[in-house]
Amino acid sequence: MELSDFLASVEKRAFKQALFAVRNEESALDIVQDAMMKLAEKYGDKPTGELPMLFQRILQNVIRDYYRRQKVRNMWTTLLSAFSGPEDDEHDPLESIESADSDHKSESPQAQLEQQQTLGAIEKEIEKLPPRQREAFLMRYWEEMDIAETAAAMGCSEGSVKTHCSRATHTLAAALAAKGITL
């Protein structure tokens, strides 16, 4: 029952994290499902305190696996398309991401709109971060993992985590300030 409760508590954040990484809702859902299945199959008997770090490590590995598969598919698609005629491009790289859920019903419509626009701008800027900076930033500040846990989940040193987070926050602050958003 503890594993089920844990998975329910991280489901939305994991989906958003995967969505930031792959920019495709169906793929993000598959990634989260795969990560949850791997956690349940291999680490279901672990203490609840170890689950967040294990899940983040599994989630990041599944995202990396997705990119590896995409790279191979793209290579073969490119090679095979050289033998066929021109085709229409079926994927729009500038897909927009849905804003965060609006749970604050008591706020005025103006405040809700401003909050949605701010969250949308933040999400777009997070998408633009380099993958390792985005990964470190989301684990530290969204998943609220400490530096050691983030380093273990990312497979790098604590110093690297600090560097990635620092660069990410400076980049985000500058980009948001340029848009007139101050937090």
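Quick caveat, the model's predicted, so the values are computed rather than measured.

A. Structural view of the packing of helix H5 (residues 131-142) against helix H7 (residues 158-178). Two elements in contact, H5 and H7, have axes separated by 8 Å at closest approach and are oriented at 95°. Between H5 and H7, the interaxial angle falls into the category roughly perpendicular. Between H5 and H7, the residues in contact are Arg132, Gln133, Ala136, Phe137, Arg140 and Tyr141 and Val161, His164, Cys165, Arg167, Ala168, Thr169, Thr171 and Leu172, respectively. Its residues assigned to classes, the contact of H5 with H7 shows 7 nonpolar, 4 polar and 3 charged.

B. Just the packing of aromatic side chains, in detail. Counted under the stated rule, the structure contains 4 aromatic pairs. When the centroid spacing of 5.6 Å and the interplanar angle of 70° are considered together, the rings of Tyr66 and Tyr67 count as edge-to-face. The class of Tyr66 is buried, set by a relative accessible area of 12%. Judged by its relative accessible area of 40%, Tyr67 is partly exposed. Judged by centre distance (5.2 Å) and plane angle (55°), the ring pair of Phe137 and Tyr141 falls under tilted. Of this pair, Phe137 and Tyr141 both sit in helix H5, 4 residues apart, roughly one helical turn. The residue whose ring lies beneath Arg140 is Tyr141, and the NZ or CZ to ring-centre distance is 5.6 Å.

C. Summary view of H7. Counted at 1.5 Å a residue, the expected span for H7 with its 21 residues is 30 Å, and the 30 Å between its end C-alpha atoms agrees. Within the sequence span of H7, burial applies to Val161, His164, Cys165, Ala168, Leu172, Ala175 and Leu176. Buried residues of H7, viewed axially, fall in a sector of 105°; they line one side. With respect to the buried face of H7, the exposed residues turned more than 90 degrees away are His170 and Ala178. Among the structural elements, helix H4 (109-128), H5 and helix H6 (147-154) are those in contact with the buried residues of H7.

What counts, and at which threshold
- Residues numbered from 1 in each chain as written.
- Predicted model: local features only at pLDDT ≥ 70, side-chain atom pairs only at ≥ 80, totals over all residues.
- Heavy atoms only, no water.
- Axes fitted to C-alpha atoms, helices over the stretch in contact; angles between N-to-C directions.
- Helix = DSSP H or I, 4+ residues; strand = E, 2+ residues; numbered from the N terminus.
- Parallel < 35°, antiparallel > 145°, perpendicular 65-115°, else oblique.
- Contact = heavy atoms within 4.5 Å.
- Nonpolar A, V, L, I, M, F, W, Y, C, P; charged D, E, K, R; others polar.
- Phe/Tyr/Trp six-rings, centres within 6.5 Å; stacked < 30°, edge-to-face > 60°.
- Buried < 20%, exposed > 50% of the residue type's maximum accessible area, 1.4 Å probe, protein only.
- Lys NZ or Arg CZ within 6 Å of the ring centre and 35° of its normal.
- Expected span 1.5 Å × (residues − 1).
- Arc of directions from axis to C-beta.

Keep in mind these numbers describe shape, not what the thing actually does.
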